[in-house]
Amino acid sequence: MVDAAIQRIHQHADQLVTRKRDGLLGIFDRGSFESDRTHALTGRLSVALVMVDIDHFKQVNDVLGHSVGDEVLRAVAKVLTSKCDGRNRVEYRYGGEELALILTGDDAARATEVAESARVDVEELRFDGYRDLRVTVSVGVGEVPREGSNSAELVRRADAALYRAKAEGRNPCEKG
Ligand code: GH3
Ligand code: MG
Ligand code: MG
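These numbers come from a predicted model, not from an experiment.

A. Structural detail: the nonpolar core. Val50, Val72, Val76, Leu99, Val135 and Val139 are the most contacted members of the largest nonpolar core, which has 33 residues in total. If you list the elements that add at least two residues to this core, you get strand S1 (47-54), helix H3 (57-64), helix H4 (66-82), strand S3 (98-104), helix H5 (108-123) and strand S4 (137-144). Per-element tally for this core: the top contributor is H4, with 8 residues. If we ignore the near neighbours within four places in the chain, the residues touching valine 72 are Phe57, Val60, Phe127, Leu133 and Val135. Listed in part, the 17 residues of the second largest apolar core include Phe33, Ala40, Leu41 and Ala100.

B. Broad picture of the state of the cysteines. Inspection of every chain in the model, using the stated rule, returns 0 disulfides. Free cysteine: cysteine 84, not disulfide-bonded; nearest cysteine sulfur from cysteine 173 at 14 Å.

C. A nonpolar patch on the surface, seen in detail. Where nonpolar side chains cluster on the molecular surface, the patch consists of Val63, Leu64 and Tyr130 and spans about 260 Å² of accessible area. Within the secondary structure layout, tyrosine 130 lies in the loop between H5 and S4.

D. A look at the site of ligand 1. Taken together, 17 residues form the shell around ligand 1, and within it His56, Phe57, Asp70, Arg93 and Arg170 come nearest. Note that an oxygen atom of ligand 1 is positioned 2.8 Å from one of the backbone N or O atoms of phenylalanine 57. At a separation of 2.7 Å, an oxygen atom of ligand 1 approaches a polar side-chain atom of arginine 93. When the free accessible area of ligand 1 is taken as 650 Å², the share hidden by the protein chains comes to 67%. Of all elements in the fold, only S1, H3 and H4 reach the threshold of two or more residues within the shell around ligand 1. At 4 residues, the largest contribution of residues to the shell around ligand 1 is made by H4.

Rules used in this analysis
- Residues numbered from 1 in each chain as written.
- Chains lettered and ligands numbered in written order.
- Predicted model: local features only at pLDDT ≥ 70, side-chain atom pairs only at ≥ 80, totals over all residues.
- Heavy atoms only, no water.
- Core = buried A, V, L, I, M, F, W, Y, C linked by side-chain atoms within 4.5 Å.
- Buried < 20%, exposed > 50% of the residue type's maximum accessible area, 1.4 Å probe, protein only.
- Helix = DSSP H or I, 4+ residues; strand = E, 2+ residues; numbered from the N terminus.
- Contact = heavy atoms within 4.5 Å.
- Disulfide = S-S within 2.5 Å.
- Patch = residues over 30% accessible without salt bridge, like charges linked within 9 Å, V, L, I, M, F, W, Y side chains within 5 Å.
- Areas by Shrake-Rupley, 256 points an atom, 1.4 Å probe, with all protein chains shown as cover.
- Salt bridge = Lys/Arg side-chain N within 4 Å of Asp/Glu carboxyl O.
- Near = heavy atom within 4 Å.
- Polar contact = N/O pair within 3.5 Å; in protein donor to acceptor, adjacent residues only side chain to side chain.

Keep in mind that these numbers describe shape and distance, not what the molecule does.
This is the structure we're talking about:
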């Protein structure tokens, strides 16, 4: 029992050390997302996943250029970082303009509050030299109860919620 707990602490320490940051955004990368997600689901706390997708991001690149697109991505990543603590709430670049949060110990309602607050902060972002530029994100929240829960199911729930958010016209926050 104690051995198992110690082993888990060691595993967690190893995993924190091997986390890597995305070169462009400074938040954790996809590999870290995968290992943290697997680890989170070995614990006794519920796990919530928030998927964040920037709306119409291709247009930002097409109209204003990729360097402005990069700046927008970095600003959105910073908003997510401001909601996280690096332990129970961690932010990742899932891929491209899709970012994610893994929340350990927050139920879906709490995770939705965090996601909603990030969504509103993104709406309020303003960019020097681009007065009229407005950015929104669509957000999907999924949650699984605890230990033994299926990792793929967690992503499936968050993805389904994100899909609904997009289908509803973008910029809302949906709970899975
Ligand atoms: P939707 O509202 O449906 O999400 O539309 P969207 O335009 O955001 O989605 P789409 O998948 O059509 O385009 C995503 C774009 O994100 C295309 C790709 O070039 C851009 N992108 C991905 N990674 C980066 C990056 O690191 N920097 C920049 N500037 N653009 C990126
Ligand atoms: Mg996308
Ligand atoms: Mg998008």
